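Here is how the chains run, residue by residue.
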Amino acid sequence: MCIRDRTLEDDYSTHLDVNGDLVIASGGLDAWNCTGISVGGTWSNAVGLTGFNPQGGTVTFDGLNTTQEVHGTTTFHNLADTHSNGYLVLHDRADLHGDLVVGPGVQVHSDLGVSGELDLDSPTAFLEVHPGADVWAANLDMGGSLTSLGGVFSVDDIVDTSLLGTVTVTGGSMTLRQGMDPFGDYIHLDGAITVSNGTLTIEGGWGLGLWPSSQDASLIMAGGELVIADRGVRIPDSGLAFSNHIAGGTIRISENFECRRAGFAPSGGTLEFAGEEAHLEVADGSHLHHLLINSTGEVYCPSNNLVVQGDVTLAGGAFTAPNLLQVGGSWSNAVGPGLFDEGTGIVELIGTNPAVLHTDETFHDLVINKQCPEADGVRLATSNTITVA
């Protein structure tokens, strides 16, 4: 179907079915009194925003065993992808007054705004945000796969009570916002998160996020940033599986981090506290890699033992140590010894890697238990003062 040099008012009371391509070369298409349009091929709108008046209907892409494409800046009301195979490719800007329903999958290569709901509820559905794309949705119903490959994605409200499906960030940024209703708005993780580059930010929510909460969950990080902007996270000691493979990147958290089970064992990466008052709890059989205190308040450890296999860095706020703090890397305190509350506990330097005490510090008990040559075990930076009370 090709529209050229005139405006076609589609006043069908049911559907306009186009088995092949729909091309708006000039003039325009006004979907007046039309419940919907089905397209089996490519949508091409050379006119731009004035080329299609969606009224209140739905444009459905329902081609069989094919990849369908949308070209040209277009305003839709509702947009639905109901392929049996293939996926839908949005090459140019699309503004939706209503909902986007994702069937098999949608690739976004430009700006996309969804004023209603982004329905990604099907476990087999996927939405990919490619470099150069900027995607916004008012609401997100999650259950499938959401991936940022270098673009920008943000949603104002997650309609589910937890984080479901698969969230992957390999570049760019993704911001998932949860509401603040204490009876249903949580940042629980009941799906899978993978971050290898870029930034995934989780905002809002009520109370601590349980990772997992009601079903098995996983966290994989090789780089990038995972930001828990407003809340904290608890890894409960439950019968649910929490698979974690953290080799790099930074987890930046605003409130508590409570690991209450064995098996949280990052081989790389940093846990950073960047909020106000918070407490840090890590059960026996689990550990952190690098720990960065960069808060505006106090981070304290109510547990008896904390193992940090990498570096401990105090860059902001205060830190109250547990009874036993085992550190496998170096120590740096840029805020001064007065903001490290050593109490009556022990700081034990462990592991096979050499360590450097970079700054002045006061310890209660300091134990050097390095498994490396004596000359390489622990080194004091030039002109530093270490006090053992």
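Residues numbered from 1 in each chain as written. Predicted model: local features only at pLDDT ≥ 70, side-chain atom pairs only at ≥ 80, totals over all residues. Heavy atoms only, no water.

Give me the lowdown on the overall build of the protein, citing residues and values where you can.
For the protein, the count of helices and strands is 0 helices and 44 strands. Along the longest, intermediate and shortest principal axes, the C-alpha atoms of the protein span 85 × 40 × 35 Å. A buried classification covers 52% of the 389 residues belonging to the protein. Summed over its atoms, the accessible surface of the protein is roughly 15500 Å², and 48% of this surface lies on carbon and sulfur atoms. (Helix = DSSP H or I, 4+ residues; strand = E, 2+ residues; numbered from the N terminus. Buried < 20%, exposed > 50% of the residue type's maximum accessible area, 1.4 Å probe, protein only. Areas by Shrake-Rupley, 256 points an atom, 1.4 Å probe, with all protein chains shown as cover.)

So what's going on with unusual backbone geometry? Which residues, and what values?
With an omega dihedral of 5°, the bond running from Trp211 to Pro212 counts as a cis peptide bond. By the secondary structure assignment, Pro212 is in the loop between strand 26 (209–210) and strand 27 (217–228). Here the phi dihedral of Gln55 falls at roughly 50°; this positive angle occurs in a residue that is not glycine. Residue placement: Gln55 occurs in the loop between strand 8 (52–53) and strand 9 (58–61).

Outline the sheet that holds strand 42 (residues 365–368), listing residues and values.
Strand order in the open sheet formed by 4 strands is 34-36-39-42, with parallel pairing between adjacent strands. Of all the strands in the sheet, the pair left with one neighbour each is strand 34 (305–308) and strand 42. Neighbouring strand axes in the sheet, compared pairwise and without regard to direction, differ in orientation by 15° on average. Pairing geometry for strand 36 (residues 324–327) and strand 39 (residues 346–349), over 4 bridges, is parallel. Among the inter-strand pairings, Gln326 is bridged to a residue of strand 39, identified as Glu348. (Pairing = 2+ DSSP bridges. Axes fitted to C-alpha atoms, helices over the stretch in contact; angles between N-to-C directions.)

Any chance you could break down the pairing of strand 25 (residues 199–204) for me, citing the residues and the numbers?
Of the pairings in the sheet, the one linking strand 22 (residues 166–178) to strand 25 comprises 6 bridges and is parallel in character. Opposite Leu176, over in strand 25, you have Ile202 as the bridge partner. Both strand 25 and strand 27 contribute to a ladder of 4 bridges, which runs parallel. Bridge pairing links Leu200 to Leu226 in strand 27.

Describe the packing of aromatic side chains, and please don't skip the residues or the numbers.
Within the structure shown, the criterion is met by 9 aromatic pairs. Here a set of aromatic residues connected by ring pairs shows up, and it is made of Phe319, Trp331, Phe340 and Phe363. (Phe/Tyr/Trp six-rings, centres within 6.5 Å; stacked < 30°, edge-to-face > 60°.)

Help me get a handle on the state of the cysteines, residues and values and all.
The full count for this structure, using the stated rule, is 0 disulfides. Free of any disulfide, Cys259 has its nearest neighbouring cysteine sulfur in Cys301, separated by 13 Å. Residue class for Cys259 comes out buried when judged on its relative accessible area of 1%. (Disulfide = S-S within 2.5 Å.)

Outline the pattern of salt bridges, listing residues and values.
In the structure shown here, the tally under the stated rule is 9 salt bridges. Residue Arg231 pairs with Glu255 through a salt bridge whose shortest N-O separation is 3.5 Å. Here Arg231 is found in the loop between strand 27 and strand 28 (233–235), whereas its partner Glu255 is found in the loop between strand 29 (242–253) and strand 30 (257–259), with 24 residues between them in sequence. When its relative accessible area of 16% is taken as the criterion, Arg231 is described as buried. Classification of Glu255 by relative accessible area gives partly exposed; the value is 28%. A salt bridge links Arg260 to Glu258; the shortest N-O distance between them is 3.1 Å. Residue Arg260 is classed as partly exposed on the basis of its relative accessible area, which comes to 36%. Take Glu258: its relative accessible area is 2%, and that puts it in the buried class. Bridged by salt links that share partners, the residues Arg234, Glu258, Arg260 and Glu281 form one connected network. (Salt bridge = Lys/Arg side-chain N within 4 Å of Asp/Glu carboxyl O.)

Describe the side chain of Arg261, and please don't skip the residues or the numbers.
With respect to the secondary-structure elements, Arg261 resides in the loop between strand 30 and strand 31 (270–273). Nearest to the buried, unbridged Arg261 among oppositely charged side chains is Asp237, at 5.2 Å. From its side chain, Arg261 meets the backbone oxygen of Leu240 in a polar contact 3.0 Å long. (Lys, Arg positive; Asp, Glu negative; His and termini not counted. Polar contact = N/O pair within 3.5 Å; in protein donor to acceptor, adjacent residues only side chain to side chain.)

Report on the environment of Asp21, specifying residues and quantitative values.
Mapped onto the fold, Asp21 is located in the loop between strand 3 (15–18) and strand 4 (22–24). Here Asp21 falls in the partly exposed class, since its relative accessible area comes to 41%. A C-alpha to C-alpha distance of 6.0 Å links Asp21 and Trp43, two positions 22 residues apart in sequence. A polar side-chain atom of Asp21 sits 2.7 Å from the main-chain amide nitrogen of Thr42.

If you had to explain the nonpolar core to someone new, which residues and values would you point to?
Residues Leu127, Phe257 and Leu280 are the most contacted members of the largest nonpolar core, which totals 90 residues. Here this core takes 5 residues from strand 27, the largest share from any one element. Discounting chain neighbours no more than four positions away, the residues touching Phe257 are Val233, Ile235, Phe264, Leu271, Phe273, His279, Leu280, Glu281, Val282 and Leu288. (Core = buried A, V, L, I, M, F, W, Y, C linked by side-chain atoms within 4.5 Å. Contact = heavy atoms within 4.5 Å.)

Before we move on, can you summarise the environment of Trp136 with the specific residues and values?
Inspection of the secondary structure puts Trp136 in strand 19 (residues 134–142). In this structure, the C-alpha to C-alpha distance between Trp136 and Gln309, residues 173 residues apart in sequence, is 39 Å. When residues no more than four places from it in sequence are discounted, the contact partners of Trp136 are Leu112, Gly113, Val114, Ser115, Ser154 and Asp156. Looking at Trp136, its side chain comes within polar contact range of the side chain of Asp156, at 3.2 Å.

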